[in-house]
Amino acid sequence: MIEEVLDGVFEKAPGIGVGHIVWCPVPQLDEVPRILEVERASSEAHHASKFEIVQMNGGHFKPKQKLPIKALSLHDTEELLISKAKKRPCVVVACHNTSFKDSVATAELKKRRHLQDNSMILAPLYGTASLEDVRGFPPKMVARIRAFLYNQFFYLPKTCPKTKISLEKESIVRLDRLFPASPNRGVETKDMKLSAEALALLMAMLRERFGASPDENLTTVRQILYETLPEDCRPKPV
């Protein structure tokens, strides 16, 4: 298990930076996005007064002859997406994405707020199956994730035995669900982060997902943990 091969998994650390655990609303990934279609009731009214929730189709995100609606500022090829979101713990894998400190850059950018949003890239945590929640990751899959057999999932124990720092529950970091967030998007810091060793393994997996060559340390840990995997949890040839 990862907590047995590392000196520690979590450590106390204030602030927000790479490796920190934060809480943030995580949008649900819908197979077919839903769109809120809005219209004005008349040419005289400036506020939306007709609403309909529909699934995205070939007619969306294309120029339309619609009257502008106050407070929405939708351009011709823009739509209102509807998505459920749940506040979850997340690992910060990148931060200060669009933050520039030199005066030449900031002077040129001026009011282009989308290029100065100080955003982060977050990897959300999802729970494992339990008696209270059977929808989480099932036991055999969790055993494989703990042995680093899937490079899109990274296992985190509920409690780090060596530092006694805890999450709310045993979790899986989903590197296949990375998403951007700005600090003012309901992000809450928990003053804890991954240890340097744990973060190095997570980043090695992330680089592997983006096509980098296998990391030597990650390969070694995989080999060690694979030997601890129960026989019925080991992958079988198809």
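I will try to describe carefully the structure that is included in this document. (Residues numbered from 1 in each chain as written. Predicted model: local features only at pLDDT ≥ 70, side-chain atom pairs only at ≥ 80, totals over all residues. Heavy atoms only, no water.)

A few points about the pairing of strand β8 (residues 153–156)
What you see with β8 is no split at all: Phe153 and Tyr155 on one side and Phe154 and Leu156 on the other are buried throughout. Here 4 bridges tie β8 to strand β9 (residues 171–174), and the two strands are oriented antiparallel to one another. Within β9, the position partnered with phenylalanine 154 by the bridge is valine 173. (Buried < 20%, exposed > 50% of the residue type's maximum accessible area, 1.4 Å probe, protein only. Helix = DSSP H or I, 4+ residues; strand = E, 2+ residues; numbered from the N terminus. Pairing = 2+ DSSP bridges.)

Quick notes on helix α3 (residues 139–146)
Structural remark: α-helix, 3.6 residues per turn; residues separated by three or four positions point the same way. Considered for burial, the residues of α3 that qualify are Val142, Ala143, Ile145 and Arg146. Projected down its long axis, α3 carries its buried residues within an arc of 160 degrees, all on one side. The inward-facing, buried residues of α3 abut α1 (2–5), β8, β9 and α5 (216–226). Note on α3: the residue one or two positions beyond its end, phenylalanine 148, has a positive phi of about 65 degrees. (Arc of directions from axis to C-beta. Contact = heavy atoms within 4.5 Å.)

Quick word on the pattern of salt bridges
Applying the stated criterion across every chain yields a total of 7 salt bridges. One salt bridge connects lysine 87 with glutamate 188, and the closest N-O pair in it is separated by 2.7 Å. Here glutamate 188 lies in strand β11 (residues 188–194) and lysine 87 lies in strand β6 (residues 85–94), a separation of 101 residues in the sequence. A residue is classified by how much of its surface remains accessible, and lysine 87, at 34% relative accessible area, is partly exposed. Between lysine 140 and aspartate 232 there is a salt bridge whose closest N-O contact spans 3.9 Å. Residue lysine 140 is located in helix α3, and its partner aspartate 232 is located in the segment after α5; the two are separated by 92 residues in the primary sequence. (Salt bridge = Lys/Arg side-chain N within 4 Å of Asp/Glu carboxyl O.)

A few points about the nonpolar core
The biggest cluster of nonpolar side chains holds 51 residues, and the ones touching the most others in it are Phe10, Leu122, Phe148, Phe154, Leu156, Val173 and Leu194. Element by element, the count of residues in this core is highest for helix α4 (residues 196–209), at 8 residues. The residues touching valine 173, leaving out its near neighbours within four places in the chain, are Val91, Ala123, Pro124, Leu125, Gln152, Phe153, Phe154, Leu156 and Leu202. (Core = buried A, V, L, I, M, F, W, Y, C linked by side-chain atoms within 4.5 Å.)

Here's the deal with the layout of surface pockets
Quantified by volume, the largest pocket comes out at close to 740 Å³. Contributing to the lining of the largest pocket are 29 residues, with Lys86, Arg88, Leu125, Tyr126 and Gly127 lying nearest its centre. Here the lining of the largest pocket gets 5 residues from one element, more than from any other, and that element is β6. Grouping the constituent residues of the lining of the largest pocket by class yields 12 nonpolar, 6 polar and 11 charged. (1 Å grid on protein atoms, 1.4 Å probe; cavity = no way out; pocket = protein on both sides within 12 Å on 5 of 7 lines; lining within 4 Å. Points joined across faces, edges and corners; volume = space filled by probe spheres on them. Nonpolar A, V, L, I, M, F, W, Y, C, P; charged D, E, K, R; others polar.)

Notes on unusual backbone geometry
One non-glycine residue, phenylalanine 148, adopts positive backbone phi at about 65 degrees. Structurally, phenylalanine 148 can be placed in the loop between α3 and β8. Since its relative accessible area comes to 2%, phenylalanine 148 is described here as buried. Positive phi, close to 55 degrees, is recorded for aspartate 191, a residue that is not glycine. Checked against the element boundaries, aspartate 191 lands in strand β11.

As for the packing of aromatic side chains
For the structure shown, the criterion picks out 3 aromatic pairs. Arranged with centres 5.1 Å apart and planes meeting at 75 degrees, the rings of phenylalanine 137 and phenylalanine 153 form a pair that is edge-to-face. Residue phenylalanine 137 is located in the loop between β7 (120–127) and α3, and its partner phenylalanine 153 is located in strand β8; the two are separated by 16 residues in the primary sequence. Note on phenylalanine 153: relative accessible area 5%, which makes it buried. (Phe/Tyr/Trp six-rings, centres within 6.5 Å; stacked < 30°, edge-to-face > 60°.)

Some remarks on the pairing of β9
The alternating pattern of β9 places Ser171 and Val173 and Ile172 and Arg174 on opposite faces, both of which are buried. Here β7 runs beside β9; their pairing, made up of 3 bridges, is antiparallel. Paired with glycine 127 across the bridge in β9 is serine 171.

A few points about the environment of aspartate 30
Within the secondary structure, aspartate 30 sits in the loop between β2 (20–27) and β3 (34–40). For the pair aspartate 30 and isoleucine 82, spaced 52 residues apart in sequence, the C-alpha separation works out to 9.7 Å. Filtering out sequence-adjacent residues up to four positions away, aspartate 30 remains in contact with Ile82 and Ser83. There is a polar contact of 2.8 Å between the side chain of aspartate 30 and the side chain of glutamine 28. (Polar contact = N/O pair within 3.5 Å; in protein donor to acceptor, adjacent residues only side chain to side chain.)

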